[in-house]
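The primary structure of each chain is shown beneath.
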Amino acid sequence: MTDATLTPVLTDMWDVDRSWTLPAYEAKGGYQALDKAFGMSQDDVINAVKDAGLRGRGGAGFPTGMKWSFIPQDNPRPKYLVVNADESEPGTCKDIPLMMGNPHVLVEGVIISSYAIRANKAFIYIRGEVLHVIRRVQAAVAEAYAAGHLGTNIHGSGYDLDVVVHAGAGAYICGEETALLEGLEGRRGQPRLRPPFPAVAGLYASPTVINNVESIASVPSIVANGAAWFASMGTEKSKGYGIFSLSGHVKKPGQYEAPLGITLRQLLDLAGGVREGHDLKFWTPGGSSTPLLTAEHLDVPLDFEAVGAAGSMLGTRALQIFDDTVCVVRAVLRWTEFYKHESCGKCTPCREGTWWLVQTLARLEKGQGSEADLDLLLDQCDNILGRSFCALGDGATSPISSSIQYFRDEYLAHLTHGGCPFDSARSTAWAGQEVTA
Amino acid sequence: MSTLDDKTLAELREIAGRYPEKRSGLLPMLHLVQSVQGKVTPEAIEACAEVLDISAAEVSGVATFYTMYKRHGVGDFHVGVCTNTLCAVMGGDAIFARLKEHLDVGNDEVAEKREGDQHTVSLEHVECNAACDYAPVVMVNWEFMDNQTPDGAVEMVEALRTGQEVTSTRGPRLCTWREAERVLAGFPDGRVDEGPAAGPASLAGLEIAREKGWTAPSAPVAETPAVAAPEKGEAQ
């Protein structure tokens, strides 16, 4: 990509008056993809999503159509679709505005996707801490029922679907798909050992597809415009568009929907650059669980392959921008405290390991300890990474190992300085304006 | 604490009935009992257990796992300050410190109701609430209060305590914590059409696209009209 352009598809409704309502969505052609899908066989819908090259937008990047095709159709148990709307990965803030501004595209995606996998019951699991978003999705589902887009014999197709909007109750771990299923079954949100994978034994031990909000919301556009249309955007192995979320020390933070493969340099150009008078110091490509990158990675194409090759992960395209006023040790300690708090406690390496990481980091941040503690931290990371049921513990090690890789001297400066050498007041949104703190 | 009335018990059963297996109703059921009693009481745990045919210990295990369930009362307005890294750096730490001092409370505590106050306020630090482009963010009863400052946050809690109407920066007029819990249990309150479709940061990219005339590629001819793709535009 030489010229960066934005490609609003999912965000295209957001500036429309009362965009969250059914009339507004239908005025933009909403629910027409549904009829087109009903005119296709279920397998053809799955193949269209496969051909489009849509990969999971919740962070992992697994091909969505392939996930759907893993559902064993000869299994006599009911099939279920579950939408993961538990958006909680630090830095990630795309699904929430999407459901607030355009909930019907999610509902239409749910219907088409459920039809494809032959599910007659679908669940939208929304984190509980976003009340107005839950209102908007509840209302969209109710409107869709009233208009005959949900319920029995939808659009005269003979296909039936019921959708339940389910509010979570505060647990980052429920963004992990099997922990989410536990929450949806009314249990503590603790991940399950795999295999069996949810496609074989998911909700109520039945074949279940779990997809991220943005993945499901992308489906109507693929069905309506064709797989080739979707695949015409993006890069060879990371096709289509995605919402990039810029936050932190950037002039115009916000949501930028663009083809995969756009670079941070291009996005920063659109967003007016890093805060006046400061330089980019470090950033996350896809939330706090993806290893930190620095200014040397500004031209890395933001797709699954290139970010992976740069030593990180595309994740959720949650681009948290930190300028030169920010202490990386403070930032990493705070993330680590988060992982310690959110560890579900099931697996020992994660439960105990995240506790020890906080102890070691907190000491370093205060300028205590010694250089050997950096090796201790890396050793602790080595004892956590890959040793638990889910990826929470793995994610906890990402900011630590990457920050030591790029900013070892800054850790050491805490030791020589006898504490943090940074003034946290300089990092605030109001720094340089008025003194309020 | 009042006992759960018949209406609440009927609604608990109604929630359980939404699911193929009734235990799935437990999370929204616990939201409902909080809306009635202001916290999860031992009595409510027994009631949920009875409706779902599981043990009180199983319900307790769930109620103590999720942070939104409270075993002690919260204020009419529960103020959550995001202190995860990005918001903390952008000022969340300063906001949380100022509110603790101003309200004279620690984390997850209710501020004293003063003479003449209409409402109570409680304070908690929360993890990332998916609004990072509006950092630093404060949640009140799980509604967004975007782009906060320490001074602004103090003014807001004072407005809440003295009974003034406060509106989310990206949502409706704030309801009480108990009313919010009822919506989370799946009983809408009619405020869905309040507030905007999107806040300013959500629209940052879209506004640039509009200005520059950028759109997604147009749909191939002879296809059904695009769902959300542009109505016009040159084929690529």
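Visitor: How would you explain the packing of aromatic side chains if you had to name every residue and give the values?
Guide: Summed over all chains, the structure comprises 19 aromatic pairs over all chains. Seen from their ring centres, Y80(A) and F123(A) are 6.1 Å apart, and the 50 degrees between their planes marks the pair as tilted. With Y80(A) in strand β1 (residues 80–85) and F123(A) in strand β2 (residues 121–126), this pair connects stretches of sequence that are 43 residues apart. Of the two residues, Y80(A) and F123(A), both sit in the buried class. An aromatic cluster is built from Y80(A), F123(A), Y204(A) and Y19(B), whose rings are joined through pairwise contacts.

Visitor: Tell me about the interface of chain A and chain B, residues and numbers included.
Guide: A common way to report how large an interface is uses the accessible area buried once the components associate. Taken together, the contact between chain A and chain B spans 101 residues of the former and 89 residues of the latter. Note on chain A versus chain B: buried area summed over both sides is about 7600 Å², and carbon and sulfur give 60% of it. The salt bridge partner of R18(A) is D193(B), with a shortest N-O separation of 3.5 Å. Put simply, chain A and chain B have 39 residue pairs in polar contact (both at pLDDT 80 or more) between them.

Visitor: Go over the domain arrangement of chain A with me, naming the residues and quoting the values.
Guide: Residue and element names in this part refer to chain A. Domain boundaries assigned for chain A yield domain 1 (11–231), domain 2 (241–323) and domain 3 (328–424). Using C-alpha coordinates to define each centre, domain 1 is positioned 27 Å away from domain 2. Buried area between domain 1 and domain 2, both sides added, is near 1600 Å², and the carbon and sulfur share of it is 51%. Counting the contacts that link domain 1 with domain 2 gives two salt bridges. Of the charged contacts, one joins R55 and E305 as a salt bridge, the two residues approaching to 2.8 Å between their closest N and O atoms.

Visitor: Can you break down the pattern of salt bridges residue by residue, with the values?
Guide: When charged atoms on two side chains of opposite charge get close, those side chains can pair. Under the criterion given, the structure shown has 42 salt bridges over all chains. The salt bridge partner of R194(A) is E177(A), with a shortest N-O separation of 3.8 Å. In this pair, R194(A) sits in the loop between α8 (177–184) and α9 (198–201) while E177(A) sits in helix α8, placing the two residues 17 residues apart along the sequence. Each member of the salt-bridge network shares a partner with another, and the members are D12(A), D15(A), K28(A) and R210(B).

Visitor: Account for a nonpolar patch on the surface, with residues named and values stated.
Guide: On the surface, a cluster of nonpolar side chains totalling about 270 Å² of accessible area is made up of F62(A), M66(A) and F70(A). Assignment of secondary structure puts M66(A) in helix α4 (residues 64–69).

Visitor: Got a sec to walk through the domain arrangement of chain B? Specific residues and values, please.
Guide: Taken domain by domain, chain B holds domain 1 (6–63), domain 2 (77–176) and domain 3 (203–236). In this structure, domain 1 of chain B and domain 2 of chain B have C-alpha centres spaced 29 Å apart.

Visitor: Could you give me a rundown of the sheet that holds strand β4 (residues 138–140) of chain B, with the residues and numbers involved?
Guide: Residue and element names in this part refer to chain B. The five strands are arranged β2-β3-β1-β4-β5 in an open sheet whose pairing can be described as mixed. Edge positions in the sheet fall to β2 (109–110) and β5 (143–145), since each has one partner strand and no second. Across two bridges, β2 lies against strand β3 (residues 121–126) in antiparallel orientation. The residue of β3 that forms the bridge with E109 is L123.

Visitor: Before we move on, can you summarise the packing of helix α14 (residues 328–342) of chain A against helix α5 (residues 85–103) of chain B with the specific residues and values?
Guide: Two numbers describe how α14(A) lies on α5(B): the axes approach to 9 Å, and their chain directions differ by 115 degrees. In terms of crossing hand, the pair formed by α14(A) and α5(B) is right-handed. Contact residues: R330(A), A331(A), R334(A) and W335(A) in α14(A); T85(B), A88(B), V89(B) and D93(B) in α5(B). In terms of residue class, the contact of α14(A) with α5(B) is made up of four nonpolar, one polar and three charged.

Visitor: Report on the sheet that holds strand β5 (residues 241–248) of chain A, specifying residues and quantitative values.
Guide: Residue and element names in this part refer to chain A. Pairing in this open sheet of five strands is mixed, and the strands run β6-β5-β9-β7-β8 from one edge to the other. This sheet does not close on itself; its edge strands, each paired only once, are β6 (254–259) and β8 (293–294). When strand β7 (residues 280–284) meets strand β9 (residues 318–323), the two strands line up antiparallel, connected through four bridges. Looking at the pairing, L280 lines up with D323 of β9.

Visitor: Just give me the short version of helix α15 (residues 348–365) of chain A, but keep the residues and values in it.
Guide: Residue and element names in this part refer to chain A. Between its first and last C-alpha atoms α15 spans 25 Å; for 18 residues at 1.5 Å apiece the expected length is 26 Å, and the two agree. On its buried side, α15 packs onto α14, α16 (372–384) and α17 (392–417). Positive phi appears at G367, one or two residues downstream of α15, with a value of about 80 degrees.

Rules used throughout
- Residues numbered from 1 in each chain as written.
- Chains lettered and ligands numbered in written order.
- Predicted model: local features only at pLDDT ≥ 70, side-chain atom pairs only at ≥ 80, totals over all residues.
- Heavy atoms only, no water.
- Phe/Tyr/Trp six-rings, centres within 6.5 Å; stacked < 30°, edge-to-face > 60°.
- Helix = DSSP H or I, 4+ residues; strand = E, 2+ residues; numbered from the N terminus.
- Buried < 20%, exposed > 50% of the residue type's maximum accessible area, 1.4 Å probe, protein only.
- Contact = heavy atoms within 4.5 Å.
- Buried area = accessible area lost by both parts, 1.4 Å probe.
- Salt bridge = Lys/Arg side-chain N within 4 Å of Asp/Glu carboxyl O.
- Polar contact = N/O pair within 3.5 Å; in protein donor to acceptor, adjacent residues only side chain to side chain.
- Domains from an automatic or database assignment.
- Patch = residues over 30% accessible without salt bridge, like charges linked within 9 Å, V, L, I, M, F, W, Y side chains within 5 Å.
- Areas by Shrake-Rupley, 256 points an atom, 1.4 Å probe, with all protein chains shown as cover.
- Pairing = 2+ DSSP bridges.
- Axes fitted to C-alpha atoms, helices over the stretch in contact; angles between N-to-C directions.
- Left-handed = near helix turned anticlockwise from the far one by under 90°.
- Nonpolar A, V, L, I, M, F, W, Y, C, P; charged D, E, K, R; others polar.
- Expected span 1.5 Å × (residues − 1).

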